[in-house]
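Residues per chain are reported as follows:
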Amino acid sequence: MRFRHPDGSTVHLAYCTNVHPAETLDGVLAQLRDHCEPVRRRLGRDRLGIGLWLAKDAAHALVSDPSALRGLRTELDRRGLEVVTLNGFPYEGFGAEEVKYRVYKPDWADPERLDHTTALARVLAGLLPDDVTQGSISTLPLAWRTRYDDGRAETARTALITLAERLDALQELTGRDVRVGLEPEPGCTVETTADAIAPLTAVGHDRIGLCIDTCHLATSFEDPHTALDALAEARLPVVKSQLSAALHAEHPHLPEVREALASFDEPRFLHQTRTATAAGLRGTDDLGEALKGEALPDASPWRAHFHVPLHAAPAAPLTSTLPVLKAALTQLVGGPHPLTRHLEVETYTWQALPAELRPRARSQLADGIAAELTLARDLLTDLGLKELP
């Protein structure tokens, strides 16, 4: 979906396909048929943007076989789909029964991460629509914190500088400007936007910036305006933004609130949980850990890294951080010029929701994704953007 900003530039809205498990190119092609095109049809649009997640094997197949890449591009066109952004965070196995800490490997100190992201950039250059010259890729925020030391930090910095050089060369070769954004996430070396400033300044290249995930922003209790103003002052680009909402519990000390939270404690994904105290941010690596005993202070609200559907906040006594998303979006695209032109709805946890909230059929999932995109579209038009055909 494309929108015209009041300044005349085009803002792209997509939904991320990491909600659909696929490790191979055949699986990706099946996604386009079984999920992406049905969502487009529900929205009544001739064209729908998707943020592709390409696992290692799918990316390798595309970058090593030009005919396969052309075939994917043809299939996208045939189904009324377009790609301007990729999700390069998960490397493989994102559809496994248990993901948890595995999603943070390999990190930016491992050569596989640089190789994979380079492959994604080359693929994206071949998938961009003919009238679009700039693409974006979101990626791991360096590493999970427990594996990181000064030596690995320097290796990661060198890898990002090498990536920037490769992106420069890619533009010279193809005319396509591909940029990569570190995606701050609770528990990682770069947990907040503030954490990103020093390492990105050390890289010192405008093709390497940030991906702002509004669920992560909210989980870490960051104020969107303060965070984005600091990035602007540091002259760090917002490469893309993922529109998502976290789980919010206003009164976590109450038994009924803890019972409601427990229904979101599931075995597949890590749900980092945070609370803001007078002494600073406190947190646990997972929601289940927070619910045990006194692992986390409960005098103030809790937020958990659980991407809840944008259009359907959890039932009371829980809610979502949709207001944080709205505030961030106002800052990102509501001003005289957009801070980013790539937006991506990223609710990958549909099948991890409590049983009564999960879609029971493929059609229900498509309905839900279409409803999220409709909400995002309405937020953009309320900010003065005009939806394009």
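Up top is the structure these notes are about.
Residues numbered from 1 in each chain as written. Predicted model: local features only at pLDDT ≥ 70, side-chain atom pairs only at ≥ 80, totals over all residues. Heavy atoms only, no water.

Visitor: How do you make sense of the pattern of salt bridges when you look at a structure like this?
Guide: Applying the stated rule across the entire model yields 30 salt bridges. One salt bridge connects Arg73 with Asp130, and the closest N-O pair in it is separated by 3.0 Å. Of the two residues, Arg73 is situated in helix 3 (residues 66-78) and Asp130 in the loop between helix 4 (111-127) and strand 5 (134-139); the sequence distance between them amounts to 57 residues. For Arg73, a relative accessible area of 17% translates into the label buried. (Salt bridge = Lys/Arg side-chain N within 4 Å of Asp/Glu carboxyl O. Helix = DSSP H or I, 4+ residues; strand = E, 2+ residues; numbered from the N terminus. Buried < 20%, exposed > 50% of the residue type's maximum accessible area, 1.4 Å probe, protein only.)

Visitor: It is not clear to me how the pairing of strand 8 (residues 238-243) should be interpreted in this structure. Could you clarify?
Guide: Side chains on a regular strand alternate between the two faces of the sheet. Counting buried positions along strand 8 gives six out of six residues, so the element sits mostly inside the fold. Bridge analysis of strand 7 (residues 208-213) against strand 8 gives four bridges, and the strand direction is parallel. Bridge pairing links Asp213 to Gln242 in strand 8. In terms of strand pairing, strand 8 meets strand 14 (residues 342-345) through three bridges, oriented parallel. Note that in strand 14 the partner of Leu243 across the bridge is Val345. (Pairing = 2+ DSSP bridges.)

Visitor: I'm lost on the sheet that holds strand 11 (residues 280-284) in this one. Help?
Guide: Sheet strands line up and pair through hydrogen bonds in the backbone, either parallel or antiparallel. Here five strands make up an open sheet; going across it, the order is 11-10-12-9-13 and the pairing antiparallel. Edge positions in the sheet fall to strand 11 and strand 13 (318-320), since each has one partner strand and no second. Strand after strand, the sheet turns through a mean of 30 degrees between neighbouring axes, direction not considered. Sheet topology note: the strand 10 (residues 273-277)/strand 11 ladder contains five bridges and is antiparallel. Of the residues in strand 11, the one forming a bridge with Ala276 is Leu281. (Axes fitted to C-alpha atoms, helices over the stretch in contact; angles between N-to-C directions.)

Visitor: I'm lost on unusual backbone geometry in this one. Help?
Guide: Most peptide bonds take the trans configuration, and most residues that are not glycine carry a negative phi. With an omega of -10 degrees, the peptide bond running from Lys105 to Pro106 counts as cis. Following the sequence through the fold, Pro106 ends up in the loop between strand 4 (81-87) and helix 4. Pro317 follows Ala316 through a cis peptide bond whose omega is 15 degrees. Here Leu142, not a glycine, exhibits a phi torsion of approximately 75 degrees, which is positive. Its identity is not glycine, yet Arg235 carries a phi of approximately 60 degrees, on the positive side. Secondary-structure assignment places Arg235 in the loop between helix 8 (224-233) and strand 8.

Visitor: Sorry, what's going on with the packing of aromatic side chains here?
Guide: We describe a pair of aromatic rings using the distance from one ring centre to the other and the angle between the two ring planes. Tallied over the full model, the rule gives eight aromatic pairs. Judged by centre distance (5.2 Å) and plane angle (90 degrees), the ring pair of Phe264 and Phe306 falls under edge-to-face. Separated by 42 residues along the polypeptide, Phe264 in the loop between helix 9 (255-262) and strand 10 and Phe306 in strand 12 (residues 302-308) bring together distant segments of the chain. According to the relative accessible area criterion, Phe264 is buried, its value standing at 4%. Ring centres 5.0 Å apart and planes at 75 degrees place the aromatic pair Phe269 and Tyr348 in the edge-to-face group. Of this pair, Phe269 sits in the loop between helix 9 and strand 10 while Tyr348 sits in the loop between strand 14 and helix 12 (362-382), and the two are 79 residues apart along the sequence. Using a relative accessible area of 3% as the deciding quantity, one classes Phe269 as buried. Members of the aromatic cluster, each reached through a chain of ring pairs, are Trp53, Phe94, Phe269 and Tyr348. Lying over the aromatic face of Phe221, Arg303 brings its terminal NZ or CZ to 4.4 Å of the ring centre. (Phe/Tyr/Trp six-rings, centres within 6.5 Å; stacked < 30°, edge-to-face > 60°. Lys NZ or Arg CZ within 6 Å of the ring centre and 35° of its normal.)

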